[in-house]
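# Per-entry structural report
Listed below are the residues making up each chain.
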Amino acid sequence: MGMSVTISEAAADDQDAAEQILKLQYLCYQSEAELYGDYSIEPLTQSLDSLRAELAAGTALVARLGDEVVASVRGTVDADGTARIGKLIVHPRMQRHGLGGRLLDAIERHLGADGTAKSFELFTGHRSEQNLQLYRKHGYAQVRTQRVDDRLTVVTLAKEADASGESVSHITLTA
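What you see is a predicted model, and the numbers here were worked out from it, not measured in a lab. (Residues numbered from 1 in each chain as written. Predicted model: local features only at pLDDT ≥ 70, side-chain atom pairs only at ≥ 80, totals over all residues. Heavy atoms only, no water.)

### Comments concerning the pairing of strand β2 (residues 59-65)
Selection criterion: The cut-offs for exposure are 20% and 50% of the maximum accessible area for each residue type, with area from a 1.4 Å probe on protein chains only; residues under the lower value are buried, those over the upper are exposed, and the others partly exposed. The way it works is that DSSP assigns letters per residue, a run of H or I at least four long becomes a helix, a run of E at least two long becomes a strand, and they are numbered from the N terminus. DSSP bridges decide pairing: two strands pair if at least two such bridges lie between them.
Of all 7 residues in β2, 6 are buried; the element is thus mostly enclosed. Across 4 bridges, the pairing between strand β1 (residues 4-9) and β2 is antiparallel. Looking at β2, one finds that Ser 8 is bridged to Val 62. One ladder, built from 7 bridges, connects β2 with strand β3 (residues 68-77); its direction is antiparallel. Counted as the bridge partner of Ala 63 is Ala 71 from β3.

Here it is, written out as structure tokens:
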């Protein structure tokens, strides 16, 4: 499969990117909803205004194939230096080509660029084996679990920040 995917920061006021991220998020979280038997999960019910507020409050990276957003991830750094990474999504047709891992590495570099991020934290559901495998491959270890209900236990994973973090403004992936 030949492709050239560009990873860059999504501007908070980029209406087209916000709309594409929301549509992609809806598509990508269908499998999670099916896995847990719950279609009321927040990524499937999030409004465009709520997404825009998230983009304005933190950092969002998008991977584009031409003009199409095919992957995205969001992150924030709190006052204690914990970078919280969330909603790492990759279009189903683009999965299993390393794009999710490259996007995860890119958000870590971006959030850790100025030394503010001392550690990274993210979470997923206990049945989301592909997510858990990806995060462990990238150095994350389980730090806690929280049982939400009979169907879902949230697994939180974390790792320390790499002191050599550098900002990402543009990365090209060719596979």
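### What to know about the environment of Ala 12
Note the threshold: A contact between two residues is defined here by any heavy atoms of the two lying within 4.5 Å.
With respect to the secondary-structure elements, Ala 12 resides in the loop between β1 and α1 (15-28). Ala 12 gets classed as partly exposed once you look at its relative accessible area, which sits at 36%. Along the sequence, Ala 12 and Leu 132 sit 120 residues apart, while their C-alpha atoms lie 29 Å from each other. Ignoring any residue separated from it by four or fewer positions in sequence, one finds Ala 12 in contact with Leu 55 and Ala 56.

### Overview of the pairing of β3
The buried count for β3 comes to 7 of 10 residues, which makes it a mostly enclosed element. Taking the residues between adjacent antiparallel strands as the criterion, β2 and β3 are bridged by 2 residues, where Gly 66 takes a positive phi near 70 degrees. The antiparallel pairing of β3 with strand β4 (residues 82-90) creates a hairpin that spans 4 residues between the two strands, and Gly 81 there sits at a positive phi of about 90 degrees.

### Examining the confidence of the model for the protein chain
Just so we agree on the cut-off: pLDDT expresses, on a scale from 0 to 100, how confident the predictor is about each individual residue.
Within the protein chain, residue pLDDT values average 89, and 91% of them lie at 70 or more. Confidence drops under pLDDT 50 across residues 164-175; counting only partners more than four residues distant or on other chains, this segment forms 35 contacts.

### Comments concerning the pattern of salt bridges
The following threshold applies: A pair is scored as a salt bridge if a Lys or Arg side-chain nitrogen falls within 4 Å of a carboxyl oxygen belonging to Asp or Glu.
Applying the stated criterion to the full structure yields 12 salt bridges. Across the pair Arg 84 and Asp 78 runs a salt bridge whose closest N-O atoms are separated by 3.0 Å. Overlapping salt bridges bring together Glu 42, Glu 54, Arg 74 and Lys 87 as one network.

### Topic: α1
Put simply, the rule reads: Here the expected length of a helix is defined as 1.5 Å per residue gap, with one fewer gap than residues. Each polar contact in these results corresponds to two N or O atoms within 3.5 Å; when the atoms are within protein, one needs to be able to donate a hydrogen and the other to accept it, and residues that are neighboring in sequence are counted only if both atoms are side-chain atoms.
End to end, α1 covers 20 Å across 14 residues, agreeing with the expected 20 Å (1.5 Å per residue, within 8%). For α1, the complete set of buried residues consists of Ala 17, Ala 18, Gln 20, Ile 21, Leu 22, Leu 24, Gln 25 and Cys 28. In this fold, the buried residues of α1 make contact with α2 (30-36), α3 (42-45), α4 (48-57), β2, β3 and β4. The opening residue of α1, the one whose side-chain oxygen lies 3.2 Å from the backbone nitrogen of Asp 16, is Asp 14.

### Some remarks on the environment of Leu 51
Within the element layout of this structure, Leu 51 appears in helix α4. We classify Leu 51 as buried; its relative accessible area is 0%. It is 20 Å that separates the C-alpha atoms of Leu 51 and Glu 121, two residues lying 70 residues apart in sequence. Setting aside residues no more than four positions away along its own chain, Leu 51 makes contact with Ala 18, Ile 21, Leu 22, Gln 25, Gln 46 and Arg 74.

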